[in-house]
Amino acid sequence: MGSDCLFCRIVAGEIPATVVRETDTTLAFRDIDPKAPVHVLVIPKEHYADVATLAQGDPALAADVLATSAAVAEDEGLLGDGFRLMFNTGVYGGQEVFHVHAHLLGGAPLGPMLARGLA
């Protein structure tokens, strides 16, 4: 991917991030605008625009993202009370950075999935 992808630049070390876990294929780092006490982004190091493209293009890498997410949830002490793992996909899904990323949220009750009145 070109130098305009924020997360590719984080993977390349061009932009700093607070990394909480790194594997050969994934990177997990704290969100700079957290929406919960724990808010970690988990990404594949290889660029895929969204979760659908990743799942179709490299199911093993998609599994790596899930495994890293589970490991981070355990490291952050979230397994007992639970957590939310969320992929925003496309404009209607609220995706802002078009490099697939899972939002791992927890550490407090998270409330409803959607804002009232949207469903």
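Sequence order as written defines the numbering, with residues in each chain counted from 1. For a predicted model such as this one, the threshold for reporting local features is a pLDDT of at least 70, and the threshold for listing and counting side-chain atom pairs is 80 or more; totals across whole chains, interfaces and linings nevertheless cover every residue. Computation of side-chain values covers all heavy atoms of the structure but excludes hydrogens and water.

Labelled according to an unreviewed UniProt entry, the chain appears under the name Protein hit, originating from Micromonospora saelicesensis.

A short note on the packing of aromatic side chains
Pairing of aromatic rings covers Phe, Tyr and the six-membered ring of Trp, with a centre-to-centre limit of 6.5 Å; geometry is then stacked below 30 degrees between planes, edge-to-face above 60, and tilted otherwise. Tallied over the full model, the rule gives one aromatic pair. Both rings, one in Phe 7 and one in Phe 29, keep their centres 5.5 Å apart while their planes meet at 75°; by these two values the pair is edge-to-face. Highlighted residues: Phe 7 in helix α1 (residues 6-11) and Phe 29 in strand β2 (residues 26-30), separated in sequence by 22 residues. Take Phe 7: its relative accessible area is 4%, and that puts it in the buried class. In this text, helices come from DSSP runs of H or I with a minimum length of four residues, and strands from runs of E with a minimum of two, each type numbered from the N-terminal end. Buried, partly exposed and exposed residues are distinguished by accessible area as a fraction of the type maximum, computed with a 1.4 Å probe on protein chains only: under 20%, between the cut-offs, and over 50%, respectively.

Quick look at the environment of Ala 67
Within the secondary structure layout, Ala 67 lies in helix α3 (residues 59-75). For Ala 67, a relative accessible area of 46% translates into the label partly exposed. Once the C-alpha coordinates of Ala 67 and Val 42 are considered, the two residues, 25 residues apart in sequence, prove to be 10.0 Å apart.

Observations regarding the state of the cysteines
As used here, a disulfide is simply a covalent bond connecting the sulfur atoms of two cysteines. Throughout, disulfides are identified as pairs of cysteine sulfur atoms within 2.5 Å of each other. According to the stated counting rule, one finds zero disulfides in the structure shown. Cys 5 takes part in no disulfide bond, and the closest cysteine sulfur, belonging to Cys 8, lies 3.5 Å away.

Considering the layout of surface pockets
Size it by volume and the largest pocket reaches roughly 870 Å³. Throughout, the protein atoms alone are placed on a 1 Å grid, and a set of points is a cavity if a 1.4 Å probe fits but cannot get out or a pocket if it is open with protein on both sides within 12 Å along at least five of seven lines; lining residues have an atom within 4 Å of a point. As for the largest pocket, its lining consists of 32 residues, of which Asp 31, His 39, Asn 88, Glu 96 and His 103 are closest to the centre. Only α1, β2, β3 (38-44), β4 (83-87) and β5 (102-106) provide two or more residues apiece to the lining of the largest pocket. Polarity classes work like this: nonpolar for Ala, Val, Leu, Ile, Met, Phe, Trp, Tyr, Cys and Pro, charged for Asp, Glu, Lys and Arg, and polar for all others, with Gly in that last group. A class-by-class count of the residues in the lining of the largest pocket yields 18 nonpolar, eight polar and six charged. Grid points are joined across faces, edges and corners, and a volume is the space filled by probe spheres set on the points.

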